[in-house]
Amino acid sequence: MTNTKIKVLIVDDSAVVRQTISDALSAEEDIVVMATASDPYYAAERIEKETPDVIILDIEMPRMDGLTFLHRIMSQHPIPVVICSSLAGEGSDSAFKALSYGAVSIITKPKMGTKQFLEESRILIADAVRGASQANLKKISASISTGTEPKISADAILPPVKKSVLTETTEKVILVGASTGGTEALSLFLQALPHDVAGIVIVQHMPENFTRSFAERLDSLCRITVKEAKNGDSVLRGQALIAPGNFHTLLKRSGARYYVEVKDGPLVTRHRPSVDVLFRSGATYAGKNAVGVIMTGMGDDGAKGMKEMKDAGAYTIAQDEKSCVVFGMPKEAIKLSAVDVILPLDAIAGESVRVSQ
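Definitions and limits used
- Residues numbered from 1 in each chain as written.
- Predicted model: local features only at pLDDT ≥ 70, side-chain atom pairs only at ≥ 80, totals over all residues.
- Heavy atoms only, no water.
- Phe/Tyr/Trp six-rings, centres within 6.5 Å; stacked < 30°, edge-to-face > 60°.
- Helix = DSSP H or I, 4+ residues; strand = E, 2+ residues; numbered from the N terminus.
- Buried < 20%, exposed > 50% of the residue type's maximum accessible area, 1.4 Å probe, protein only.
- Pairing = 2+ DSSP bridges.
- Axes fitted to C-alpha atoms, helices over the stretch in contact; angles between N-to-C directions.

**Quick word on the packing of aromatic side chains**
Inference 1: For the coordinates displayed, the defined rule picks out 2 aromatic pairs.
Inference 2: Plain terms: the ring middles of Phe 96 and Phe 210 are 6.3 Å apart, the flat faces sit at 70° to each other, and that makes the pair edge-to-face. Of this pair, Phe 96 sits in helix α4 (residues 89–101) while Phe 210 sits in helix α7 (residues 210–221), and the two are 114 residues apart along the sequence. The pair Phe 96 / Phe 210 is uniform in exposure class, with both members buried.
Inference 3: Aromatic pair Phe 96 and Phe 214: ring centres 5.8 Å apart, planes at 15°, arrangement stacked. Of this pair, Phe 96 sits in helix α4 while Phe 214 sits in helix α7; the two residues are 118 residues apart in sequence, bridging distant segments of the chain. Phe 214 shares its class with Phe 96; the two are buried.
Inference 4: Taken together, the ring pairs in this structure connect Phe 96, Phe 210 and Phe 214 into an aromatic cluster.

**Let's talk about the sheet that holds strand β1 (residues 6–11)**
Inference 1: Spatially, the 5 strands line up as an open sheet ordered β2-β1-β3-β4-β5, and their pairing is parallel. At either margin of the open sheet sits one strand with a lone partner, and together these are β2 (31–37) and β5 (105–108). Recorded for the sheet is a direction-independent mean angle of 25° between the axes of neighbouring strands.
Inference 2: Here β1 pairs with strand β3 (residues 54–57) via 4 bridges, running parallel. Of the residues in β3, the one forming a bridge with Val 8 is Val 54.

Structure follows, in structure tokens:
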């Protein structure tokens, strides 16, 4: 039922973190903090009394660590889990291990800052909860309200697409957008690609500092090179650039050479980096030479940008509902008639290679 509030259990040994997250979520009409717990033992006692829709879980805690608790939850009583982690390098490794154990997404521990910073943190935490509540675990139901927060469009970062006046080029480029469930989807997609595939630029909604660890993990698994994008990086065959967390990443072109621009800016469609921003830049600077791929994720980031890509002559692919963790972003792109073909995850790599040769 769309009127049912999402019940959240917060598990963190820091009273300050528990209170900060509770305060952030209390402003949301569709979310209620069911309870908080200082460690997994107290959390387990609370779950016996009432089952939450989503758990926000710290990793480093006394008595039992978050990874052990997560493993037990997923093996005994699957509940969508959002990992709340620090920005430390070891924290990132544990967070990615948590994703492999079945956690839905990662958020960074909130900290004090400017009013704008706190407002953005509230939006990102609330959307992580909403995305988790819709995750395709066996017992998860229902689409939940996505809230009434106004969305800033890609206009804030890049002007609307105009007819390109750039030098003609035949070099292809593949642009990919993903969110909830995207870490595993991207891993499978990238591992299936040949070493000489067209250059790739990816936006995966993920916090700052985690994208570098994510890229390094993928680089160790794939035949192609995978790295976190830096401003001015060339888009090269056999390489995927992943947009850094908390920065928009745009495709640009100089002559026949594609490169990326990494820049700050407001949240666009409630995200930074935004898939809409990347896709609009692809429509502007690559046009018919672009291949757009939209994967699992909550909300509609990327839908309008994919429509702009398709209108500019790009070939566009959406992940199908059955293979998505959350069929939100692909569904919205399909609604806009922005998609040329809908495919299961395991077929997307082959189709991307075929149309980008």
